[in-house]
Amino acid sequence: MPTIKGPRIGIALGGGSARGLMHIPFIEAMDEMGLRPSTIAGTSIGSLVGAGWAAGMKGKELREHSLEVLGNMRSITSRLWKTKIKDLRNLFRDGISMQLDPEMIVDAFIPEDFPEDFEDLRTPLYIIATDFRSWHQVIFHTGPLKPAIAGSIAIPSLFEPVEYDGRLLVDGGVVNPLPLDSASIGTDITIAIDVNGDPSNRTSNENPSAIDVTLGSAQIMMHALTAHNIAAYPPDLYIRPNVREFGAYEFWRVREIIEEGEKEKEYFKRELSKLIENFIVLKQKSS
């Protein structure tokens, strides 16, 4: 009898700023099932979390690292301050700018031994960014890893655009907030983790700040684009955890965000198990 191999799983990790930390419980769920994807595709925060996963980090390690660097305001402020200190020499070169340098942010928050190139990753990774000049998406799969991540997370007005590979890059969520097109390449089962969510509960009770309006407007746009992506590339498993209690920039609530995502872990594992069982049954019938 021929050996039936397990399915090739592709997973799309969507953008959602701080809400993207909710990807971690689903990575842990796959670890608990003894599964690794054959392809990871990430946009914005999904590219950053996905890169750690592709580098070989387990979900537990991603959780521990996130709690270490984001678990309190003091840790976050310290790391952000260091990025601005490094940049003080250039602060007045082109006029005062309050935008953060996304490449410095990546360096400040990733582990020290992080891979330098896509070729150093253990799992194939696709990172989505937006070319501001051409208005098209850019898919990075080879070459230096950090500039691709930096471009993917560069939310307009909050981060400086990234000049890389002859392009001016901004947040991948501008064109493709849930990269199912890349996640479905050469795979048998496609999973989508949509962490963009719904309007925050606080928007109806408070006057939004400038950052609330900026990020909220981006999320409205991403919501519409995600619906289009799902219609064009229907996933076999679509997960949309409840993230509406969390503001897009509330990274310091990392513990609460991850704990909220844990509520969907068992459902995720059951549904994924069904898909794998169905795949094996169909393979057996056809062999």
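Being a predicted model, the structure only gives us computed values, none of them experimental.

### Topic: the packing of aromatic side chains
Step number 1: Across all of its chains, the model carries 3 aromatic pairs by this definition.
Step number 2: Measuring from ring centre to ring centre gives 5.4 Å for Phe26 and Phe268, while their planes differ by 65°; the resulting arrangement is edge-to-face. Taken together, the positions of Phe26 in helix α1 (residues 23-32) and Phe268 in helix α10 (residues 265-286) put the pair 242 residues apart, joining distant regions of the chain. Each of the two residues, Phe26 as well as Phe268, counts as buried.
Step number 3: Seen from their ring centres, Phe140 and Tyr164 are 5.5 Å apart, and the 40° between their planes marks the pair as tilted.

### Looking at α10
Step number 1: The end-to-end C-alpha separation of α10 is 32 Å, in line with the 32 Å expected for 22 residues at 1.5 Å each.
Step number 2: Within α10 the residues assigned to the buried category are Lys265, Phe268, Lys269, Leu272, Ile276 and Phe279. Angularly, the buried residues of α10 cover 95° about the axis, an arc narrow enough to put them on a single face. When the buried face of α10 is taken as reference, the exposed residues oriented beyond 90 degrees from it are Glu277, Leu282 and Lys285.
Step number 3: Looking at the packing, one finds that the buried side of α10 touches β1 (9-13), α1, β7 (189-193), β8 (237-239) and α9 (254-261).

### A closer look at empty space enclosed by the protein
Step number 1: Following the criterion strictly, the structure yields 1 cavity of 30 Å³ or more and no others.
Step number 2: Approximately 70 Å³ is the volume attributed to the largest cavity.
Step number 3: Lining the largest cavity, in full, are Gly16, Ser17, Ser44, Ile155, Asp171, Asn196, Leu215, Ala218, Gln219, Met222 and Ala248.
Step number 4: Broken down by element, the lining of the largest cavity gets its largest block of residues, 4 residues, from helix α8 (residues 210-232).
Step number 5: In terms of residue class, the lining of the largest cavity is made up of 5 nonpolar, 5 polar and 1 charged.

### As for the nonpolar core
Step number 1: In terms of nonpolar packing, the biggest core is built from 64 residues, with Leu125, Phe140, Ile191, Ile193, Phe268 and Leu272 touching the most fellow members.
Step number 2: Leaving out residues up to four positions away in the same chain, Phe140 has contacts with Phe118, Leu125, Tyr126, Ile127, Ala129, Ala148, Tyr164 and Leu169.
Step number 3: Counting residues in hydrophobic clusters, the runner-up holds 7 residues, among them Ala41, Leu178, Ala183 and Ala192.

### Points about the pattern of salt bridges
Step number 1: The tally for this structure, following the rule as stated, stands at 17 salt bridges.
Step number 2: The salt bridge partner of Asp107 is Lys146, with a shortest N-O separation of 3.2 Å. One end of the pair, Asp107, is in helix α5 (residues 102-109); the other, Lys146, is in helix α6 (residues 146-153), with 39 residues separating them in the sequence.
Step number 3: In this structure, Asp131 and Arg167 form a salt bridge, with 3.9 Å as the shortest nitrogen-oxygen distance. Here Asp131 is found in strand β3 (residues 125-131), whereas its partner Arg167 is found in strand β6 (residues 167-171), with 36 residues between them in sequence.
Step number 4: Of the residues examined, Asp131 reaches a relative accessible area of 9% and is grouped as buried.
Step number 5: Among the charged side chains, a network of salt bridges with common partners joins Glu28, Glu32, Arg63, Glu262, Lys265, Glu266 and Lys269.

About the criteria used
Residues numbered from 1 in each chain as written. Predicted model: local features only at pLDDT ≥ 70, side-chain atom pairs only at ≥ 80, totals over all residues. Heavy atoms only, no water. Phe/Tyr/Trp six-rings, centres within 6.5 Å; stacked < 30°, edge-to-face > 60°. Helix = DSSP H or I, 4+ residues; strand = E, 2+ residues; numbered from the N terminus. Buried < 20%, exposed > 50% of the residue type's maximum accessible area, 1.4 Å probe, protein only. Expected span 1.5 Å × (residues − 1). Arc of directions from axis to C-beta. Contact = heavy atoms within 4.5 Å. 1 Å grid on protein atoms, 1.4 Å probe; cavity = no way out; pocket = protein on both sides within 12 Å on 5 of 7 lines; lining within 4 Å. Points joined across faces, edges and corners; volume = space filled by probe spheres on them. Nonpolar A, V, L, I, M, F, W, Y, C, P; charged D, E, K, R; others polar. Core = buried A, V, L, I, M, F, W, Y, C linked by side-chain atoms within 4.5 Å. Salt bridge = Lys/Arg side-chain N within 4 Å of Asp/Glu carboxyl O.

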